[in-house]
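Understanding the architecture of this molecule
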Amino acid sequence: MADWFDANLVSILNGFAIGSLLFILAVGLSIVFGMMDVLNLAHGALYLVGAYLAYSLLDGGATWGAFLGALGLAVAFGLVAGGTLSVMTEPLAKRPILDQALLTLGISLIVAEVLSIIYGNDVYRIGAPPGLDGSVSVAGNTYPLYRLVLIGIGLVLAVVVWLVMERTSIGALVRAAVADREMVSAMGIDNRKVKIGVLAFGSVLATVAGVLGGPVYGVRPGLDETVLLLALIVVVIGGLGSIKGALIGAMVIGQVDSLGRALLPELASFILFGALALVLVLRPQGLFGPKKVAA
Amino acid sequence: MALPDLSRRQLLGAVGVGAGGLALSACGGGSLGGDDDDNGGGGGSDGPIRVGLVIPQAGVYTPLGVDMEAGWQLWLDQHDGQIGGRDVETVTADEGEGPDTGVPAIQQLISDVDVVVGIVNSATALGVAELFAEEQKVLLIGNAGAVALTGDASNEYVWRVSFNNAQNSYAMGEYLAGQDIGSVFIICPDYAAGQENITAFTEAFEAGGGTIAGTALTPFGTTQDFQPFLSQIQGSGAAATFCFYSGGEAVTFVNQYDDFGLKASIPLYGSGFLTEGSVLEGQGPSAVGIRTTMQYSTELDNEANAEFVQAYEEANGSLPTVFAMSMFDAANVLDRAVTEAGDVSGDALVEALGGLGAIDDSPRGSWEFEDQNPKQTIYLREVVDEGGTLINSVVEELGEYGTI
C-alpha cells in the first residue's frame, strides 16, 4: 500500500492541482446557472480572455508585477463582461433557458474569433511568476511548484466564495433572490442588479481562472471549448448552484483525469465521460444537487 | 496576379468554398468521369493552368496553411507566375480541420481545375483519393502523411511530394538502435498517424536489437495534461522516450516533459514535427536539446536551400518550415511534369511524373519518386538556441528512405 501510494503520489497531487483550477473555473458557471438560471456558454471564452491577458503581460518576462497586473486586468474585464452579459440576457429572461444559452454561445464564438484574429493561431506558453517557476521533489519525482501553489489558491478561493455566499448580507440577498424573486423586489431591491452582480462575480472567476491556468495549460485557440466542457462536467457532477458541489465535483474530475489515467492508461479516452455517465445514472441531480424548492 | 487573391477572399467568405465552387463549376461545365475533351477547367495546351490549392485556412492547422501558401507563392513569384511555360491561376480552397469540411471543398473544386495541390489532413486526402481516379486528374499531396495514400489506398493519379508517416520514425528507430541507448518508451496521440509512427519506430528499433519499455496512446486533441502519462514513463524505467506530436500538443507535451523533470533524466526524441515551425517559439527553452528526424531543416547546407531560405525570409519575414518547403517543391515538380508532358491532362501528367527522375534542385537535397512517394534523405536534427532564435541544427544524415 505504501509503495502504491509512493508511486502514485504525484498523480494524486496533480489531481488536486487540476481540481483546484477546475473549481475556480466551474464555481462561477455553477453559481450563475444555479442561482440566476443563465447557462453562460461564454464562460470558456472568458477563461480564454484571461489566458491571453496573462500571455500579453507575461510574454516580456514572467515577473510578479506582470502576473498581478494580469490578475487585476482579468478582474476588471470579468466585471465589465459579466455586467454586459447580464444586460444582454435580460430581454431573454422570460424565454426558455436555451435562448439565453444560444445567445452566450454566439458571444463566445465571436470572442474566440476576435482573439484568434488578434493573437493568431499559434500556441503560446505562459511562464509562472519568479519563485514559483521551479519544481520540488515529491517522493523522488519532480513536481512543478506552481501547481502545488494552485492547490492552495483553489482552497482559499473556495473558502472566500463560501463565506461571501453564506456569511455576508450580499450573499443573503443573492440567496433570497433565488428563493423568492417577488418578495425581494417587494422589499425595494432591484432583482436585475442582483443578477448583474452574480454574473459579474461568476465572470471574474472565469477570467481569473484563465490567468491562473496559464502556466499550466498555456494558451491556444480552441482552449475555450475544452475548458467549458470540463466546467460543465464538473457542474453536472457536483450539482447546480452548490459551492460545495463544485469543489467536490472539481476534485473528483481532477483525480479521475490524473490518477484515473495513470492507473488505467488504456481507458484514458473515456474515463472522464465514464465518471460523468456513472453520476448521471446513480444521481441525476448531481452529488450535491439543488435543494431549491420549486416556486 | 489579382485572381488568386480575389478568389481566396471569395472562398474565405461566410458562404465558403461551397457556393464559390458551385458557381465556378457551373460555368466550367465540369462533369463526373469526364472524357478526354472535358478534362480540365483550363482546357487546351497553351492557355493558363488552373491549379487548386487546398490548405487549411481555419482551425488548428491554420499555421500550416499559411506556410504552405507562402511556399507555393514563393516558387511562382520566382518564375513569373508560370508553370511549364504557362500562366497559373491558383484557386485556393479551405480544407478546414478534417474530412467533414475538406472533402466537400475538394469535391466542389475538382471539376474547375486541372490539378490539385496541398492537403494537410490525411483523412481528407484518403477521402478524396478515389475521386481523383474518377476525374482522371492529378493530386500532388503537399503534406498529408498517411502511409496508405501511396500504399494500400493508392491510385495512379495521387502523388505525394512531402513524406509518409513511417519514414521519419523508421529512421529514428534504426538510429537509436544503433546508439545502444537502452530501452525506449513510445508515446503518441491515439489516431491514425500516431499508430503509424509507433508501428514504424517499433519495427525498426526492434529489428536493430532495441527493447521497447512501454507504449502509451494519449487521447488525441483533448489531452491538456500529460502528467499521468509522464508518470508512466518514469515508472517504466525507460532510458529514452520517442514521441510523435505536432501543433498544440507538441507545445504542451514538450513543456510538461520539462516541467515534470523528465527532460534531464530521460532524453526526448521525436518525429521532426515535434519541433517544426511556430511550435518552437511556444516550447522555448524546454525544446533545446531535443533530437528529431525529418526530411528537411532550414540549416541544410546546400545551395538550393540557402537561396530558398533567404528568399523566403525576405518575402515573409520568418524562417521557412517543412510545410512551406513541400509546397515549393510541389510547384517545382509540377513545373517539370507539365514541361515534360506539354499538356495538363491527368494521364499525360501521370506519365511525366513517373519519368521525372531526381529532383536535384530541392531545398531538402536531391530526391526522387518511389511508388509515387518521395525517396529522400532523412536528417537527424537537434534543437539549439542560436542567439535567441531556436533552430533545428543538422547533426547527421541518416540515409535515404523510400517506401518502407
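These figures come from a predicted structure and were not determined experimentally.

1. Comments concerning the overall build of chain B
Across its full length, chain B holds 14 helices and 14 strands. The 404 residues of chain B split such that 58% are buried. A sequence separation of at least 24 residues applies to 69% of the contacts in chain B between residues at least 6 apart.

2. Examining the overall build of chain A
The number of helices and strands found in chain A is 11 helices and 2 strands. Over its C-alpha trace chain A gives a radius of gyration of 19 Å, about what one expects of a compact globule, namely 19 Å for 295 residues. Taking the principal axes of the C-alpha coordinates as reference, chain A spans close to 60 × 45 × 35 Å. Each of the 295 residues in chain A was classed as buried or not, and the buried ones make up 51%.

3. Quick look at the interface of chain B and chain A
Each partner contributes residues to the interface: chain B has 28 residues there, and chain A has 27 residues. Within the residue set of the side of chain B that touches chain A, elements represented by two or more residues are α3 (62–78), β8 (212–218), α8 (227–236), α9 (247–259) and α11 (279–283) of chain B. Considering every element that reaches the side of chain B that touches chain A, the biggest residue donor is α8(B), with 7 residues.

4. Digging into unusual backbone geometry
Residues and elements named next belong to chain B. A positive phi angle, near 55°, is found at aspartate 180, a position not held by glycine. For aspartate 180, a count of 10 C-beta atoms within 10 Å translates into the label exposed. With a phi angle near 55°, aspartate 371 is a residue other than glycine that sits in the positive phi range. Within the element layout of this structure, aspartate 371 appears in the loop between β12 (368–370) and β13 (373–386).

5. Notes on the environment of A:Ala277
Within the secondary structure, A:Ala277 sits in helix α11 (residues 271–282). On a C-alpha basis, the gap between A:Ala277 and A:Phe288 in space is 16 Å, while along the polypeptide they are 11 residues apart.

6. Some thoughts on the sheet that holds strand β5 (residues 138–141) of chain B
All names here are of chain B. Read across the open sheet, the 6 strands follow the order β2-β3-β1-β4-β5-β6; overall the sheet is mixed. Each edge of the sheet is formed by a strand with only one pairing partner; in this case those strands are β2 (82–83) and β6 (158–160). Sheet analysis places strand β4 (residues 115–118) next to β5, joined by 4 bridges and oriented parallel. Note that in β5 the partner of glycine 118 across the bridge is isoleucine 141.

7. Structural notes on the domain arrangement of chain B
All names here are of chain B. Domain assignment breaks chain B into domain 1 (3–163 + 303–371) and domain 2 (166–294 + 379–401). Between domain 1 and domain 2, the contact holds 11 residues from the first and 13 residues from the second. Residues belonging to the side of domain 1 that touches domain 2 are distributed by class as follows: 7 nonpolar, 3 polar and 1 charged.

8. A closer look at the packing of helix α10 (residues 243–263) of chain A against α8(B)
Relative to each other, α10(A) and α8(B) sit at 35°, their axes nearing to 8 Å. With respect to the hand of their crossing, α10(A) and α8(B) are arranged in right-handed fashion. Facing A:Ser258, A:Arg261 and A:Ala262 of α10(A), the residues of α8(B) in contact are B:Gln227, B:Pro228, B:Ser231 and B:Gln232. Residue classes in the contact of α10(A) with α8(B) are distributed as 2 nonpolar, 4 polar and 1 charged.

9. Here's the deal with the nonpolar core
Counting residues in each nonpolar core, the largest one holds 212 residues, and the members touching the most others are A:Leu22, A:Ala26, A:Val234 and B:Leu140. The residues touching A:Ala26, leaving out its near neighbours within four places in the chain, are A:Ala231, A:Val234, A:Val235, A:Ala246, A:Gly249 and A:Ala250.

10. Considering the packing of helix α1 (residues 2–36) of chain A against α10(A)
Helix-helix packing is described using two parameters, namely the angle between the two axes and the distance between the axes. Packing of α1(A) against α10(A) leaves a shortest axis separation of 6 Å and a crossing angle of 145°. Here α1(A) runs over α10(A); the crossing is right-handed.

11. What to know about the pairing of strand β2 (residues 141–144) of chain A
Residues and elements named next belong to chain A. The two faces of β2 match: Asn141 and Tyr143 on one face and Thr142 and Pro144 on the other face are all buried. The sheet contact formed by strand β1 (residues 135–138) and β2 spans 4 bridges and is antiparallel. Counted as the bridge partner of serine 135 is proline 144 from β2. Turn length for the β1-β2 hairpin, with the two strands adjacent in sequence and antiparallel, is 2 residues, and the turn residue alanine 139 shows positive phi of about 50°.

12. Section: the environment of B:Glu69
Tracing the backbone through its elements, the reader meets B:Glu69 in helix α3. Sequence separation between B:Glu69 and B:Leu334 is 265 residues; the distance between their C-alpha atoms is 15 Å.

13. A short note on α9(B)
For an α-helix, 3.6 residues make a turn, and residues three or four places apart therefore share a direction. All names here are of chain B. With 13 residues, α9 should reach 18 Å at 1.5 Å per residue; the first-to-last C-alpha distance of 19 Å fits that figure. Of all 13 residues that make up α9, 13 are buried, and the element is covered over most of its length. Taken from the residues just after α9, glycine 261 is the one with a positive phi, measuring 75°.

14. Overview of the pairing of β8(B)
Two faces, one strand: in a regular strand the side chains alternate between the faces of the sheet. Residues and elements named next belong to chain B. The pairing of strand β7 (residues 184–189) with β8 spans 6 bridges and is classified as parallel. Counterpart to valine 184 in the pairing with β8 is isoleucine 212. Handedness of the β7-helix α7 (residues 192–207)-β8 crossover: right-handed.

15. Quick look at the confidence of the model for chain B
Residues and elements named next belong to chain B. Taken over all residues, the pLDDT of chain B has a mean of 87, while the share at 70 or more is 89%. Counted against residues more than four places away or in other chains, residues 1–43, with its pLDDT under 50, gives 61 contacts. Here the predicted complex scores 0.84 on pTM and 0.84 on ipTM.

16. Some details on the environment of B:Leu334
Residues and elements named next belong to chain B. If you trace the backbone, leucine 334 turns up in helix α13 (residues 322–341). Separated by 244 residues in sequence, leucine 334 and threonine 90 have C-alpha atoms that sit 13 Å apart. Leucine 334 has contacts with Ile83, Val115, Val117 and Leu140, leaving out every residue within four places of it along the chain.

Parameters at a glance
- Residues numbered from 1 in each chain as written.
- Chains lettered and ligands numbered in written order.
- Predicted model: local features only at pLDDT ≥ 70, side-chain atom pairs only at ≥ 80, totals over all residues.
- Helix = DSSP H or I, 4+ residues; strand = E, 2+ residues; numbered from the N terminus.
- Buried ≥ 20, exposed ≤ 12 C-beta atoms within 10 Å, placed from the backbone.
- Contact = placed C-beta atoms within 7 Å.
- Rg over C-alpha atoms; globule rule 2.2 N^0.38 Å.
- Pairing = 2+ DSSP bridges.
- Domains from an automatic or database assignment.
- Nonpolar A, V, L, I, M, F, W, Y, C, P; charged D, E, K, R; others polar.
- Axes fitted to C-alpha atoms, helices over the stretch in contact; angles between N-to-C directions.
- Left-handed = near helix turned anticlockwise from the far one by under 90°.
- Core = buried A, V, L, I, M, F, W, Y, C linked by C-beta atoms within 7 Å.
- Expected span 1.5 Å × (residues − 1).
- Right-handed = clockwise from strand over helix to strand, strands pointing away.
- pLDDT = per-residue confidence, 0-100.

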